[in-house]
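# Chain and residue survey
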Amino acid sequence: MGSALIFILLYLTIKSCWCEKFNILVINDKNNKIAEKALTAALAYLERNPRHGVEMEEPVTVLNDGEDGQEFLDSICAVYQKSLEQNKPPDLVVDLTLAGTVSEAAKTFSSALALPTVATAYGQEHDIRTWRYLDNEQQKYLVQVSPPGDIVPEVVRSFAIYQNLTNAGVLFDSSFEMDHKYKALLRNLPTRHILVRVEEPKAIKEQLIRLRNLDIVNFFILGNLTTIKSVLDMANVNRYFNKKFAWHAITQEKGQLKCSCSNATILFVKPELDQSGFEQINTLRTAYSLTAQPEIVAAFYFDVIVRSILAIKSMTASNEDFKNMSYISCEEYNEEFPPRRINFDFRKHFMEIQEPTSVGPLNLESNGNSFMEFTMKLEKVLILNSQVTSSRSVGVWKAGLNRPLTVDDSLALTNFSAVQVFRVVTVLQKPFVIREVDSAGNEKFSGYCVDLLEEIRKLIGFEYEIYIAPDNEFGTMDEQGQWNGIIRELIEKRAEIGLTSLFVTAERENVIDYTVPYYDLVGITILMKKPKSPTSLFKFLTVLESDVWLCILGAYFFTSFLMWAFDRYSPYSYQNNRDKYKYDDEQREFNLRECLWFCMTSLTPQGGGEAPKNFSGRLVAATWWLFGFIIIASYTANLAAFLTVSRLDTPIESLDDLAKQYKIQYAPLQGSWVQTYFRRMADIEDRFYNIWKKMSLNSSMSDVERAKLAVWDYPISDKYTKMWRSMTEAAFPLTLEDAVKRVLDSKSSSEGFAFLGDATDVRYQAMINCELQMVGDEFSRKPFAVAVQQGSPLKDSFNNAILQLLNKRKLEKLKEIWWNQNPEKKICEKPDDQADGISIHNIGGVFIVIFVGIALACITLAFEYWWMRYKKPKDDSDSVNSKIFEHRRKWSHQSNTKRVSSITDVASSTNFPYRRREHNRW
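A short tour of the structure in this document, coming up. The model shown is predicted, which means the values in this text are computed figures rather than measured ones.

Regarding its fold elements, the protein chain presents 33 helices and 28 strands. Across the 922 residues in the protein chain, those meeting the buried criterion constitute 44%. Of the contacts formed within the protein chain by residues at least 6 apart in sequence, a portion of 72% connects residues at least 24 apart. Accessible area for the protein chain stands at about 49,800 Å²; split by element, carbon and sulfur atoms hold 54% of it.

Before going further, it helps to examine the sheet that holds strand β23 (residues 512–514). Read from one edge of the open sheet, five strands run β21-β18-β22-β28-β23, paired in mixed fashion. Only two strands of the sheet have a single neighbouring strand rather than two, namely β21 (463–468) and β23. The pairing of strand β22 (residues 497–498) with strand β28 (residues 787–789) spans two bridges and is antiparallel. Bridge pairing in β28 links isoleucine 497 to valine 788.

Moving on, we get to the side chain of asparagine 49. Checked against the element boundaries, asparagine 49 lands in the loop between α2 (33–48) and β3 (55–56). Assessed through its relative accessible area of 16%, asparagine 49 is described here as buried. At a separation of 2.6 Å, a polar atom in the side chain of asparagine 49 contacts the main-chain carbonyl oxygen of tyrosine 45.

So, about helix α23 (residues 673–696). The terminal C-alpha atoms of α23, which comprises 24 residues, lie 34 Å apart, in line with the 34 Å expected from a rise of 1.5 Å per residue. Within α23, the full set of buried residues consists of Trp673, Val674, Gln675, Thr676, Tyr677, Phe678, Ala682, Glu685 and Ser696. Contacts made by the buried residues of α23 are with β24 (519–529), α22 (655–660), α24 (703–708), α25 (719–730), β26 (752–758) and β27 (772–784).

Turning to helix α7 (residues 154–163), a few remarks are in order. In terms of residue burial, α7 counts as a mostly covered element, since eight of its ten residues are buried. Along α7, the positions that sit buried rather than exposed are Glu154, Val155, Val156, Arg157, Ser158, Phe159, Ala160 and Gln163. Where α7 ends, the next residue or the one after it, asparagine 164, has phi of about 55 degrees, a positive value.

Here we come to the environment of glutamate 206. For glutamate 206, the position within the fold is in helix α9 (residues 204–213). Glutamate 206 sits in the partly exposed class, given a relative accessible area of 45%. Taking the C-alpha atoms as reference points, glutamate 206 and methionine 234, separated by 28 residues in sequence, lie 9.0 Å from one another.

Applying the stated criterion across every chain, the model contains three disulfides. The residue that forms a disulfide with cysteine 259 is cysteine 261, at a sulfur-sulfur distance of 1.5 Å. Taking the sign of the torsion about the S-S bond as the criterion, the disulfide between cysteine 259 and cysteine 261, at about 45 degrees, is right-handed. A residue is classified by how much of its surface remains accessible, and cysteine 259, at 3% relative accessible area, is buried. One disulfide in the model links cysteine 770 with cysteine 828; its S-S distance is 1.9 Å.

For the rest of this paragraph, the subject is the pattern of salt bridges. All chains considered together, the criterion is met by 32 salt bridges. Here lysine 107 ties to aspartate 95 by a salt bridge, and the two come within 2.7 Å at their closest N and O atoms. With lysine 107 in helix α4 (residues 101–112) and aspartate 95 in strand β5 (residues 92–95), this residue pair connects regions lying twelve residues apart in the sequence. You can call lysine 107 buried: its relative accessible area is 0%. Residue classification places aspartate 95 among the buried residues on the basis of a relative accessible area of 1%. By sharing partners, the salt bridges in this structure join Arg488, Glu489, Glu492 and Arg494 into a single network.

Structurally, threonine 117 can be placed in strand β6 (residues 117–119). Taking relative accessible area as the criterion, threonine 117 reaches 1% and is therefore assigned buried. Separated by 2.8 Å, the side chain of threonine 117 and the backbone oxygen of leucine 115 make a polar contact. Setting aside residues up to four positions removed in sequence, threonine 117 forms contacts with Leu92, Val93, Asp95, Ser110, Trp131, Tyr141, Leu142, Val143 and Phe346.

Turning our eyes to something else, we now look at a negative patch on the surface. Together, Asp478, Glu479, Asp683 and Asp686 make up a region of like negative charge exposed at the surface. Mapped onto the secondary structure, aspartate 686 falls in helix α23. Among the residues examined, aspartate 686 registers a relative accessible area of 43% and is labelled partly exposed.

A few words on the nonpolar core. One finds Leu232, Trp247 and Phe346 to be the most contacted residues of the largest nonpolar core, which totals 118 residues. When residues in this core are grouped by element, the largest group, 15 residues, is from helix α12 (residues 295–318). In this structure tryptophan 247 touches Leu208, Phe219, Ile221, Val231, Leu232, Ala235, Tyr240, Phe241, Ile266, Leu267 and Phe416, once residues within four positions along its chain are discounted. In terms of nonpolar packing, the next biggest core, distinct from the first, is built from 67 residues, Val424, Val522, Ile652 and Phe678 among them.

With that settled, consider the packing of aromatic side chains. Per the counting criterion, the structure on display carries 40 aromatic pairs. Taken together, a centroid distance of 5.3 Å and an interplanar angle of 80 degrees make the contact between tyrosine 677 and phenylalanine 678 edge-to-face. Take tyrosine 677 and phenylalanine 678: they sit in the same class, and that class is buried. By way of ring pairs, the aromatic residues Phe432, Tyr448, Phe503, Tyr518, Tyr519, Trp673, Tyr764, Phe784 and Trp819 are connected into one cluster. The lysine or arginine in question, lysine 107, covers the ring of tryptophan 131, its NZ or CZ lying 6.0 Å from the ring centre. The ring centre of tyrosine 519 lies 4.7 Å from the NZ or CZ of lysine 815, which sits over that ring.

With that out of the way, let us pick up unusual backbone geometry. With an omega of 5 degrees, the peptide bond running from glutamine 293 to proline 294 counts as cis. Secondary-structure assignment places proline 294 in the loop between α11 (275–287) and α12. Of note, the amide linkage connecting lysine 430 to proline 431 takes the cis form, showing an omega dihedral of 0 degrees. Note that proline 431 resides in the loop between β18 (421–426) and β19 (434–437). A positive phi angle, near 55 degrees, is found at asparagine 164, a position not held by glycine. Within the secondary structure, asparagine 164 sits in the loop between α7 and β8 (167–172). Accessibility expressed as a relative area gives 53% for asparagine 164, which makes it exposed. Unlike most non-glycine residues, alanine 731 shows phi in positive territory, near 75 degrees. Within the secondary structure layout, alanine 731 lies in the loop between α25 and α26 (736–744).

About the criteria used
As a convention, each chain's residues are numbered from 1 in the sequence order in which they are written. Local features in a predicted model are, by the rule used here, given only for residues with pLDDT of at least 70; side-chain atom pairs are given and counted only at 80 or more, and totals for whole chains, interfaces and linings are based on all residues. Excluded from the side-chain calculation are hydrogens and water; included are all heavy atoms of the structure. Helix and strand assignments come from DSSP, with helices taken as H or I runs of at least 4 residues and strands as E runs of at least 2, each series counted from the N terminus. Throughout, exposure labels follow a simple rule: accessible area from a 1.4 Å probe, protein chains only, divided by the maximum for the residue type, with under 20% read as buried, over 50% as exposed, and the rest as partly exposed. Pairs of residues are marked as contacts when any of their non-hydrogen atoms sit within 4.5 Å. With residues, only the protein chains shown are counted as cover, and all accessible areas are computed by Shrake-Rupley using a 1.4 Å probe. Pairing between two strands requires that DSSP report at least two bridges joining them. Polar contacts, as used here, are pairs of N or O atoms within 3.5 Å; protein pairs need one atom able to donate a hydrogen and one able to accept it. Residues neighboring in sequence count only if both atoms are side-chain atoms. An expected span of 1.5 Å times one less than the residue number is assigned to each helix. Only a pair of cysteine sulfur atoms within 2.5 Å qualifies as a disulfide here. Take a side-chain nitrogen of Lys or Arg and a carboxyl oxygen of Asp or Glu: if they are within 4 Å of each other, that pair is a salt bridge. Here, patches come from residues exposed beyond 30% relative accessible area and free of salt bridges, joined within 9 Å for like charges and within 5 Å for nonpolar side chains (Val, Leu, Ile, Met, Phe, Trp, Tyr). In summary, the charge assignment counts Lys and Arg as positive and Asp and Glu as negative, without counting His or the chain termini. For the purpose of locating charges, the reference atoms are NZ of Lys, CZ of Arg, CG of Asp and CD of Glu. The term nonpolar core refers to a set of buried residues drawn from Ala, Val, Leu, Ile, Met, Phe, Trp, Tyr and Cys, joined through side-chain atoms within 4.5 Å. Side-chain rings of Phe, Tyr and Trp (the six-membered ring for Trp) are treated as a pair once their centres are within 6.5 Å; stacked means planes under 30 degrees apart, edge-to-face means over 60, and tilted covers the remaining angles. Only lysine NZ and arginine CZ atoms are considered, and such an atom sits over a ring when it is within 6 Å of the ring centre and within 35 degrees of the ring normal.

This is the structure:
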């Protein structure tokens, strides 16, 4: 009886021990040494702590040493089959593979055979393709926990959100698996980014230059401290430490940041352990020889393995179905009837384990959202001459997915971000972009577009560098589809913004993006020399030729001489018959002076006055009157015509007028969009002509169809074809200055050269030069807009800013400043209009004649006064004159006859010295 009892107790003891021994299948990458060492430490920990009551068989390990997923799956199945043959099927599969096809192969194995599995592969939700569509029961025993190396890169996303980064360059080494992060890391953020693996140390310099050429200014280095130092050293060589760049060093290791930098400020992100974590890590290192680095990664694998084994033990004790779990081999697997596990809630038991963790709690939610919680410290490190001079904590980041930064000094972190410095490519065109160079040789830009960019900068917040396109061209496409100018700079990403008077065209929108327009529609128009009517103050004298004026003058003197001669020698003249005419009211002696005066006044509406008494003199006077009437009538008619004929020329008022004439040559700039417009229009006309010609000459057409095409007039316009031919013959100006010079060198507005160009160019040249004018209405009008790279997030930002400026009427103010208030604007005289009268420039000589006549009269008066006072001898005539004037004053109200007789009496009562004819004249 006693021996039987002992046998039963021994059996129960053996059975109990057998039930507590677990079989584990470990699947790992050969280069994942940290997980391998953590597995060894975990098994040692469980063995040395009997309180857990766990006994295990030696784990069966499958190591991957390649990239062939199928081959690796076959090796797993072979090891698994061997364990089945040995009656040691795995109770738990520990999948320590990192990522890639081999990791997917391991997960295919465990999900297909329904084996409880804990996986530490990299990847968030839906990244593990094999486990992407697990049902609820499968998710209970197929558990994935992301390692720290999969969570740490998420701090880059937190930085991008906090600092509102527009670009980011992420460089990583082999301590991080980033293949699945290329699309997911900064998804749904307006941050243009690139993820690249750090190259060999010798190639890092060129790698950084390539990233800079892609306009990357915010750099994140994910790697060990050695990799970080190599990248920072090359950044120092490239002189990438200034306000234009921001550098973030992120590592899983402990230790201090090192860099051979002369002057660098770096944001250093590394794990931070609390006191308990530090003590636990120290215990693992000293008691279980877990010295693998990084420490948090080793601690993660250690905690996952320990808790997974304890969870299996707990599930074994509480789940009879798990104890009696059936297994099938890989060959027995049938996809149509896969094995099913019900109520194998390995995840629940894993979360209920009370075992303390080494660094932080393991947060198990769904696959892809499970990870170890830990803290990353943010330090702002200043390095001078390869020495760390200061290291200041600015915040922490609680590791996780979509977790924000906890910042202690927001100003320090905000100022740390790289100043957004956009490269702006432009083309010089007044008044939109003007280049000025100061005495020190520094280049400065101003103009409408520069002011616009400054207003946008105030709203968005960025810095910019302006440079001129290498060929100073806006951008046209050649026959091979290659672009030049601003468009090429944007396509090849040498510039982020193209800003000048850049038109929006369909072909440009195929390769770049445009913002909303910031300027009115602008088209093509004509620049011509302003017509000038020749003006002269004495233009009224030019109506008749000089010979005619001389003949009139000669006739005047000759006629005056004849009248004097006839009056002197005619027996019937007044001076030869004084007694006969002594009682006439009109007693005029035609001496030479009187004859000159008579002939002159006869040409005026005032008339010549009393005519000669003799018939011969009157005949001469009548002849002179007829001559004067004809001359005055002819002069008046010709003067009116002469003053208006210069304004009767038909001016060029449109493109059609320019195309119909032949005296004025015209052409646009070589290589300009205007030249492209006319060339394309000519090509289209030529194509239409060929189509019409083929239709007309088609021999397969019936007579009826051919009759429908029989028209007398030419059905296809050849306007642009003729214009293109004329432009080619005129030669295209190479520069705007050359075109303006050719216009100014024109003989007149109706003969010379006309420039066809951008309406803003034409308007500006007419504004600063009074000899030029803009002719005709604009055609082929298009808006101006800011150009950005295709797909650039700047498009939306600039759109919002421009719309705000439009609402605030800021763009109208800029237009007022650079057009109406431009310091180079000239105040030009108003051109003569046909509806206006004769200008002072043409008739002003008449006033000069008046002033000259008045001046001569004043001089004559002074001379008369001087002659009378100082030169004429004083005699009794003075007293006589005084008596005559006294009588005239007293008799001013008497009749003319009495006055004359009184004067005669006075004169006869004195010793009057004058002859009778002089007395009669008085």
